[in-house]
Structure formats: structure tokens, C-alpha cells
Amino acid sequence: MHKKQHPRSAVARQTEGITLDHAAPVYDLLAPIMTLGLERRFHRMVIRQLALRGDEQVLDIGCGTGTLTRDIAAALSDKTNSCCTGLDAAEKMIAAARKKAAGIRNIQFDAAIAERLPYADRTFDAAVSTFFFHHIHFELKKKVLAETARVLKPGGRMMIVDVDIPTSLFGTLCARSGHWLFQQNEIAENIEGRLRDAMDKSSFSWRAVSHHSGYITVFELNKEESL
Ligand SMILES: C[S@@+](CC[C@H](N)C(=O)[O-])C[C@H]1O[C@@H](n2cnc3c(N)ncnc32)[C@H](O)[C@@H]1O
């Protein structure tokens, strides 16, 4: 069966990832529902785990409308040249994120694809990504992890929150219905543990920090000091 494609902006057309230009106007209404009300809790967990010093450069990959990007910018000091950069391939998401963040000094948004990050090597102290990796297939998962490792400074860290191997009946139902509803093979890959496989194949060391609702895992990845 031929899958209907939503309209995609020019940047979004450069990736095989599932991009969400069409969802930008309603995304902030849907995100809390899709995360079973846990969206802000995940953001707080990610920020706590990052243990920010306040003067750092942070990258939010697949940032959507930039809610977490804003929370991170707020956790950084606006008296230094710290910055949280949000990146998404959907230009309409980036337009919505810029509008929401108007007036915030230490934030910026870029419309670009995560498998070809438009930043120099060793630019960022930390990177985050929430509910992005189930939008890209296995080969892109590996590419994005390699790109993230490239733009992180030695010793840099990354937090990922995403669909993972279900560990309960409830988790299996949620994860499988997401797969069925969106007909998104990339979700099935995460359910089968392919995000973990991609992390195993990356240069990062990684661990699962916590697991939620039986199908969502918070991961921490670390880049070696010598790389
Ligand atoms: C489910 S949303 C997550 C947004 C946000 N991080 C959150 O937690 O609400 C996934 C985002 O990934 C973006 N995306 C998909 N493929 C991409 C790619 N190759 N490069 C950059 N962004 C991509 C989509 O446009 C979408 O905004």
C-alpha cells in the first residue's frame, strides 16, 4: 500500500526521517497527551541529569516547537555566552519554536537535518533528544549518533528519551498502538531494541538511567575524554 505523505518543507525533504511540518500548529496540544502527561517531567529529568554548569553550549536534536530547548536555556545562565540551540528538519516547527522563544537571549533555532549537523567539530558541551529517534530508521540512527559525537566536545554528554523495548503489558500496548496508529516502522525498530543496537555501534558509552510507563527509556551517553 502506498503511504500518503504530508506536505514537507524544503529542508524536511532532504531527510528520510519522519518530519512534522504538518503538525506544527497543534504539536503543543498533542505532546502532553502522547507522553501520557509526562512531557514536563521528562524535561526536568533530562535537565537534572545534565547537571549544567550554566555557561555551556547545548544542542537539542529534533527539537520540534522547542519546549525543552527553552527549559534548557532557562537553566543556563544568561550572563555568560551560554546557548541552547534547537534543530529540526521541519521548517514550520522551527518557525513555531522561534515565535515561542522571542525575547530569550541565549537560544537559537536552526532548520537542518540531524544526519548532517551544520556545526563544527567539538562545538557543544551536551546534546539532548526527546522522542526524535523513533522518527528515523536504523541507518539514520547510526548517522545521527556519529554526527552528535562529532559536534560534542571531548567528555561531552547526551541524554535521549525515547520509545524502547516494552517491559510490561501496558508498555507493549502503548508502544504497539503507536506503531499501528502511525504505521511507522521506525517505532517498531525502537520496540525491537534497534536504538540500543545503534548506540552499541556508536563511539559513545551509554546506560539506561530510568524506564517509564513500560516503554519509554531515558538514556545517558558519554563521549570519551580522548576523542
Ligand atoms: C515527535 S517530534 C519530537 C519533538 C520534541 N523533541 C519533543 O520532545 O516534543 C520529532 C521531531 O523530529 C523531527 N525530525 C524528523 N526527522 C528529522 C531529521 N532527520 N533531522 C531533524 N529533525 C527531524 C520532526 O520534524 C519532529 O519535529
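Quick notes on the rules
- Residues numbered from 1 in each chain as written.
- Predicted model: local features only at pLDDT ≥ 70, side-chain atom pairs only at ≥ 80, totals over all residues.
- Heavy atoms only, no water.
- Helix = DSSP H or I, 4+ residues; strand = E, 2+ residues; numbered from the N terminus.
- Rg over C-alpha atoms; globule rule 2.2 N^0.38 Å.
- Buried < 20%, exposed > 50% of the residue type's maximum accessible area, 1.4 Å probe, protein only.
- Contact = heavy atoms within 4.5 Å.
- Lys, Arg positive; Asp, Glu negative; His and termini not counted.
- Charge placed at Lys NZ, Arg CZ, Asp CG, Glu CD.
- Near = heavy atom within 4 Å.
- Polar contact = N/O pair within 3.5 Å; in protein donor to acceptor, adjacent residues only side chain to side chain.
- Areas by Shrake-Rupley, 256 points an atom, 1.4 Å probe, with all protein chains shown as cover.
- Nonpolar A, V, L, I, M, F, W, Y, C, P; charged D, E, K, R; others polar.
- UniProt positions renumbered as here; feature names shortened; annotations may be inferred.
- Axes fitted to C-alpha atoms, helices over the stretch in contact; angles between N-to-C directions.
- Parallel < 35°, antiparallel > 145°, perpendicular 65-115°, else oblique.
- Left-handed = near helix turned anticlockwise from the far one by under 90°.

- You'll find the protein chain entered in an unreviewed UniProt entry as Methyltransferase domain-containing protein, with Tichowtungia aerotolerans given as the organism.

Side note on the overall build of the protein chain
Alright, step 1. Within the protein chain, the secondary structure is distributed over 8 helices and 7 strands.
Alright, step 2. Over its C-alpha trace the protein chain gives a radius of gyration of 16 Å, about what one expects of a compact globule, namely 17 Å for 227 residues.
Alright, step 3. C-alpha atoms of the protein chain, sized along the principal axes, occupy 50 × 35 × 30 Å.
Alright, step 4. Across the 227 residues in the protein chain, those meeting the buried criterion constitute 53%.
Alright, step 5. In the protein chain, the share of contacts with a sequence separation of at least 24, taken over all contacts with a separation of at least 6, comes to 75%.
Alright, step 6. When the 30 positive and 27 negative side-chain charges of the protein chain are each reduced to one mean point, those points stand 3 Å apart.

With respect to the site of the ligand
Alright, step 1. Surveying the vicinity of the ligand reveals 22 residues, the closest of which are Tyr27, Gly62, Asp88, Glu115 and Thr130.
Alright, step 2. A distance of 3.0 Å separates a nitrogen atom of the ligand from a polar side-chain atom of threonine 15.
Alright, step 3. The backbone of leucine 20 places a nitrogen or oxygen atom 3.1 Å from an oxygen atom of the ligand.
Alright, step 4. Relative to its free-state accessible area of 600 Å², the ligand is covered by the protein chains to the extent of 96%.
Alright, step 5. Along the lines of polarity and charge, the residues of the shell around the ligand split into 13 nonpolar, 7 polar and 2 charged.

A short note on the UniProt feature "domain: Methyltransferase" (unreviewed entry) in the protein chain
Alright, step 1. Taken from the UniProt record, the annotation "domain: Methyltransferase" (unreviewed entry) applies to residues 58-156.
Alright, step 2. Along residues 58-156, the helical share is 33% and the strand share 27%, with 10 Å between the first and last C-alpha atoms.

A few points about the packing of helix α2 (residues 39-50) against helix α3 (residues 67-75)
Alright, step 1. Viewed as axis vectors pointing N to C, α2 and α3 meet at an angle of 40 degrees, and their least axial separation amounts to 10 Å. Considering their axes alone, α2 and α3 lie oblique with respect to each other. Relative to α3, α2 is oriented so that their crossing is right-handed. Counted together, Glu39, Arg40, His43, Ile47 and Leu50 of α2 and Thr67, Leu68, Asp71, Ile72 and Ala75 of α3 form the full contact between these two elements.
Alright, step 2. Taken together, the residues that form the contact of α2 with α3 break down as 5 nonpolar, 2 polar and 3 charged.

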